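# A structural walkthrough
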Amino acid sequence: MNQSKMKQLFMLSALAAFLITGCSDDKSEPTPIDNKPTEESVSGEVSGTWTKGNTYKVTGHIQIPEGKSLTIEEGVTVLFSDSVIKPEVVVKGNLYSLGTAAAPVKFTVPDAWKTTGNLFGNLWGGLIAAPTSAEFVMSNTILEYGGAVTTDESPSVKAKLYKALPGEHVPVIYYSNISGKLVVVNSTIRNFNEDGFYIEGGKVIIANNTFNTTGVSGGDAINIKSGVQADVAFNVVYSPNTNALKLSNSGDRTPQAYVVGYNNTIINAGWRRPTTKGGSIWLEKGVRADLYNNLLANDRFGIKKENVDKSVDNRSVINNTLYYGATEEGVKQFQPSVEILKGSNDLISVKVGDNDPKFVNYPLTTDNKNATFNSAWDFHLQAGSPALGKGKTSFTRLYAEGLVINGVTYKSPAPADYIGALGTK
């Protein structure tokens, strides 16, 4: 065969191959990505990037060193798999947990440990940030089954972080840098023995999260002290042992604690605590708090303050709170008094069943002390809910323009014209 015919045959073959490949493109499956290996034993100092889809088995305490950062990509599972040590995560540098709605990051324990006997976790510690932690982000992240007790060997005790004592249950997140930035958005906090967040400093956004099944003998979902300026919005908090929000200027740090808390839904708060300190939103020690559009259903008390002078900064504002009670005791305990604060344009039930918020799917007669969360519950509002159209939107939030963290701008969400965290579907 001469060279000209060979060239023609080659070109025809190439064309045929191209046509076959081209015709099959629309029907072909995407090329699968190889499964990434699991990191079998993680302890000690960590930094860099934990890559998308990996599982990292934490077998000892871990620490992000000062001046370094750890980025956790979408779909990562951080598996605390040592039941003896009950690891803590000490953050002296920066932590960025960056899940997505479809592939959240998950801080958890082996499935076999998640039994009814471990409803309140206690199986690993928590995320304990030092004053050197400048940036801390949890986005689309699930944190569950922690809150273990500190010992003399706990790294948080040795570093004199949190309460710096053995025998204390660790919160989900402790943050203490008054010059730092903390953002927790679109995340789930559940099955923890102690407080959700214990915050003693920083510019803070906590928004669009769900908290459930937290706290045994104490425990507030969000506990804020002096040195903090925060927007706390659109969170659903179910059955914290004590308060959803405990807001205080204790500690005498600068700046004064100032919290704008709006469009939160708080259900069954405070009933499991044996004493009567609080049970929805608790204000103390000169905190400044602007509270708008919060929906309080079956909580032990209304918005409550210490029964002492100057327990709340007189610039504080309370507006447009909806109260619902399914029991006479509940209704009685959120009526305005010396300690229970009444706001402007509040919707306050005067008898059982008034102001039914009309949740899409939640039995309002559920036992007030119930802490077991049903994922089928839906706290959106049905048409005809008294919460619809009753929200206030003309107020100032702290971070409407956003906080820039690691090159990303996180803005606190705009207020809604309804009361509560979730409107209609």
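Residues numbered from 1 in each chain as written. Predicted model: local features only at pLDDT ≥ 70, side-chain atom pairs only at ≥ 80, totals over all residues. Heavy atoms only, no water.

## Here's the deal with the side chain of Arg397
This is how it is decided: Counting from the N terminus, the helices are DSSP H or I runs at least four residues long and the strands are E runs at least two residues long. Pairing of N or O atoms within 3.5 Å defines a polar contact, subject to two protein rules: one partner must be a possible hydrogen donor and the other a possible acceptor, and residues neighboring in sequence count only if both atoms are side-chain atoms.
Residue placement: Arg397 occurs in the loop between strand E32 (378-381) and strand E33 (403-405). One polar contact links the side chain of Arg397 to the main-chain carbonyl oxygen of Ser412, over a distance of 3.1 Å. Only 3.2 Å separates the side chain of Arg397 from the backbone oxygen of Pro413, close enough to count as a polar contact.

## Quick word on the packing of aromatic side chains
Heads up, the condition is: Ring pairs shown here join Phe, Tyr and Trp side chains whose ring centres sit within 6.5 Å, with only the six-membered ring taken for Trp; geometry is labelled stacked below 30 degrees between planes, edge-to-face above 60, and tilted in between. Burial classification: accessible surface area is computed with a 1.4 Å probe over protein chains only, and a residue below 20% of its type maximum counts as buried, one above 50% as exposed, and the rest as partly exposed.
If you walk through the whole model with that rule in mind, you get 24 aromatic pairs. Centre to centre, the rings of Phe80 and Trp124 are 4.0 Å apart; their planes meet at 5°, and the pair counts as stacked. Of this pair, Phe80 sits in strand E5 (residues 77-80) while Trp124 is found in the loop between strand E8 (105-108) and strand E9 (127-129), placing the two residues 44 residues apart along the sequence. Here the two residues Phe80 and Trp124 agree in accessibility, since each one is buried.

## What about unusual backbone geometry?
With omega at 5°, the peptide bond leading from Thr254 into Pro255 counts as cis. Turning to its location among the elements, Pro255 is positioned in the loop between strand E21 (245-248) and strand E22 (258-262). A positive phi angle is found at Tyr145, which is not glycine, with a value near 65°.

## Points about the environment of Ala383
Convention followed: Contact definition: two residues touch when any of their heavy atoms are within 4.5 Å.
Looking at where Ala383 falls in the secondary structure, it is placed in the loop between E32 and E33. Judged by its relative accessible area of 68%, Ala383 falls in the exposed class. Taking the C-alpha atoms as reference, Ala383 lies 31 Å from Leu398; in sequence the two are 15 residues apart. Leave out the neighbours within four places in its chain, and Ala383 touches Lys358 and Leu388.

## Quick look at the environment of Arg272
In this fold, Arg272 is placed in the loop between strand E23 (265-267) and strand E24 (281-284). Classification of Arg272 as buried rests on a relative accessible area of 18%. Between the C-alpha atoms of Arg272 and Val89, which are 183 residues apart in sequence, the distance is 29 Å. Beyond its immediate chain neighbours, meaning those up to four positions away, Arg272 contacts Phe120, Thr214, Gly215, Ser239, Pro240, Asn241, Lys369 and Ala371. There is a polar contact of 3.0 Å between the side chain of Arg272 and the backbone oxygen of Thr214. Within the local environment of Arg272, its side chain forms a polar contact with the backbone oxygen of Ser239, the two atoms lying 2.7 Å apart.

## Describing the sheet that holds strand E10 (residues 135-139)
As a reminder, the rule being used: Pairing between two strands requires that DSSP report at least two bridges joining them. Whenever a helix is involved, its axis is fitted only over the stretch in contact; in every case the axis is a line through C-alpha atoms, and angles between N-to-C directions fall within 0 to 180 degrees.
Sheet architecture is open: 10 strands sit in the order E2-E4-E7-E10-E13-E16-E19-E22-E25-E28, paired in parallel fashion. Edge strands, defined here as strands with exactly one partner in the open sheet, are strand E2 (48-50) and strand E28 (317-319). Strand-to-strand twist in this sheet, taken as the mean axis angle between neighbours without regard to direction, amounts to 10°. Looking at chain direction, strand E16 (residues 202-207) and strand E19 (residues 228-233) are connected through 6 bridges and run parallel. Paired with Ala207 across the bridge in E19 is Ala233.

## What to know about the pattern of salt bridges
Let me state the cut-off plainly: Salt bridges are defined as contacts in which a side-chain nitrogen from Lys or Arg sits within 4 Å of a carboxyl oxygen from Asp or Glu.
Enumeration according to the criterion identifies 12 salt bridges in this entry. As a salt-bridge pair, Arg315 and Asp313 come within 3.0 Å of each other at their nearest N and O atoms. A relative accessible area of 44% places Arg315 in the partly exposed class. Asp313 sits in the buried class, given a relative accessible area of 14%. A salt bridge links Asp354 to Lys351, with the nearest nitrogen and oxygen atoms 3.2 Å apart.

## Concerning the nonpolar core
Note the following rule: We call a set of buried residues a nonpolar core when its members are Ala, Val, Leu, Ile, Met, Phe, Trp, Tyr or Cys and they connect through side-chain atoms within 4.5 Å of each other.
Core analysis: the biggest nonpolar cluster contains 66 residues, and Phe107, Leu127, Phe136, Phe197, Leu247 and Leu283 have the highest contact counts within it. Of the residues forming this core, the biggest block, 4 residues, is contributed by strand E3 (residues 55-64). Beyond its immediate chain neighbours, meaning those up to four positions away, Phe107 contacts Ile72, Val78, Phe80, Ser97, Trp124, Leu127, Met138, Thr141, Ile142, Leu143 and Glu144. Grouped together as the second largest cluster of nonpolar side chains are 17 residues, Phe359, Tyr362, Leu381 and Ile419 included.

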